[in-house]
Amino acid sequence: ETGVTQSPTHLIKTRGQQVTLRCSSQSGHNTVSWYQQALGQGPQFIFQYYREEENGRGNFPPRFSGLQFPNYSSELNVNALELDDSALYLCASSFPGGRGTEAFFGQGTRLTVV
Amino acid sequence: TQLLEQSPQFLSIQEGENLTVYCNSSSVFSSLQWYRQEPGEGPVLLVTVVTGGEVKKLKRLTFQFGDARKDSSLHITAAQPGDTGLYLCAGATGNTPLVFGKGTRLSVIA
């Protein structure tokens, strides 16, 4: 069984630039969620994709956008990067209908905006 | 807005001691998960509880879901340095996205 993998693991960008983060979901999982985790905080929900459609969104501005592909992998795009976007970005995959909403996380992408 | 409050925020104990971490909310959840996260890594799922009053054990870790499904606790017996990490609780209602607490950062000193 293949786990959730994210790329890249680390990234440094300049304020105002754009970034794309990638996630391969766990085998058999059709739902992908993205979270932002600032230092010392719990993960904050950005949005969720189910069968290639956005299926819920947290309190993040439109410059945070995403995609899900037919193989259920996903991308998170952030435009016009701000210093406060520096965080660990986590992708989680799940399969609705299981024992609760069990989510399995990747190792994360550490984004630093300078 | 569903909120999960975790306490304590930080905990530093000696190897061999017992500890309990709490996760509380005013909202009812259909399921609650506990995760452990190490620095620079993603959270790793420890357990899921779905029934009010449910108790699950994972070696030295005991998880309990409150009768009203609004709160949960994690008890660790005879803590070891390998238990060090950030413990996160997360709740969901139906298939809604998980809502996370801010976590309890545990340090077990040998």
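The structure under discussion appears in the preceding block.
Keep in mind that this is a model prediction, so the values were computed, not measured.

**A few points about the overall build of chain B**
If you tally the helices and strands in chain B, you get zero helices and 11 strands. Relative to the globule expectation of 13 Å for 110 residues, the C-alpha radius of gyration of chain B, 13 Å, shows essentially globular dimensions. The burial tally for chain B puts 45% of its 110 residues in the buried class. Across chain B, the fraction of contacts at a sequence separation of at least 24, relative to all contacts at a separation of at least 6, is 53%. Total accessible area on chain B stands at roughly 5,100 Å², and carbon and sulfur atoms take up 51% of it. Computing the positive centroid from 9 side-chain charges and the negative centroid from 9, chain B places the two 4 Å apart.

**Considering the environment of C91(A)**
Within the secondary structure, C91(A) sits in strand β9 (residues 87-94). Apart from residues lying up to four places away in sequence, C91(A) is in contact with V4(A), Q6(A), C23(A), V32(A), S33(A), W34(A), F104(A), F105(A) and G106(A).

**What to know about the sheet that holds strand β1 (residues 5-7) of chain A**
The pairing of strands in a sheet happens through backbone hydrogen bonds and is either parallel or antiparallel. All names here are of chain A. Strand order across the open sheet formed by four strands is β1-β3-β8-β7, with antiparallel pairing between neighbours. A single partner strand is all that each edge strand has here, and the edge strands are β1 and β7 (64-68). Neighbouring strand axes in the sheet, compared pairwise and without regard to direction, differ in orientation by 20° on average. Strand direction decides the pairing type here: strand β3 (residues 19-24) and strand β8 (residues 74-78), joined by five bridges, are antiparallel. Within β8, the residue paired with R22 across the bridge is E75.

**Looking at the sheet that holds strand β3 (residues 19-24) of chain B**
Residue and element names in this part refer to chain B. Ordered in space as β1-β3-β8-β7-β6, the five strands form an open sheet in which the pairing is antiparallel. The open sheet is flanked by β1 (5-7) and β6 (55-58), the only strands paired with a single partner. Sheet twist, expressed as the average angle between the axes of neighbouring strands with direction ignored, equals 15°. With four bridges connecting them, β6 and strand β7 (residues 61-65) associate as antiparallel partners. The partner of K56 across the bridge, within β7, is F63.

**Brief notes about the interface of chain B and chain A**
Facing the 25 residues of chain B at the interface are 21 residues of chain A. Counting the surface lost from both chain B and chain A, the interface buries some 1,700 Å², and carbon and sulfur atoms represent 52% of this. For the pair chain B and chain A, the number of links is zero salt bridges. When contributions to the side of chain B that touches chain A are tallied by element, the ones reaching two or more residues are β4 (31-37), β5 (44-49) and β9 (85-92) of chain B. A per-element tally of the side of chain B that touches chain A places β4(B) first, with four residues. A class-by-class count of the residues in the side of chain B that touches chain A yields 11 nonpolar, 10 polar and four charged.

About the thresholds
Residues numbered from 1 in each chain as written. Chains lettered and ligands numbered in written order. Predicted model: local features only at pLDDT ≥ 70, side-chain atom pairs only at ≥ 80, totals over all residues. Heavy atoms only, no water. Helix = DSSP H or I, 4+ residues; strand = E, 2+ residues; numbered from the N terminus. Rg over C-alpha atoms; globule rule 2.2 N^0.38 Å. Buried < 20%, exposed > 50% of the residue type's maximum accessible area, 1.4 Å probe, protein only. Contact = heavy atoms within 4.5 Å. Areas by Shrake-Rupley, 256 points an atom, 1.4 Å probe, with all protein chains shown as cover. Lys, Arg positive; Asp, Glu negative; His and termini not counted. Charge placed at Lys NZ, Arg CZ, Asp CG, Glu CD. Pairing = 2+ DSSP bridges. Axes fitted to C-alpha atoms, helices over the stretch in contact; angles between N-to-C directions. Buried area = accessible area lost by both parts, 1.4 Å probe. Salt bridge = Lys/Arg side-chain N within 4 Å of Asp/Glu carboxyl O. Nonpolar A, V, L, I, M, F, W, Y, C, P; charged D, E, K, R; others polar.

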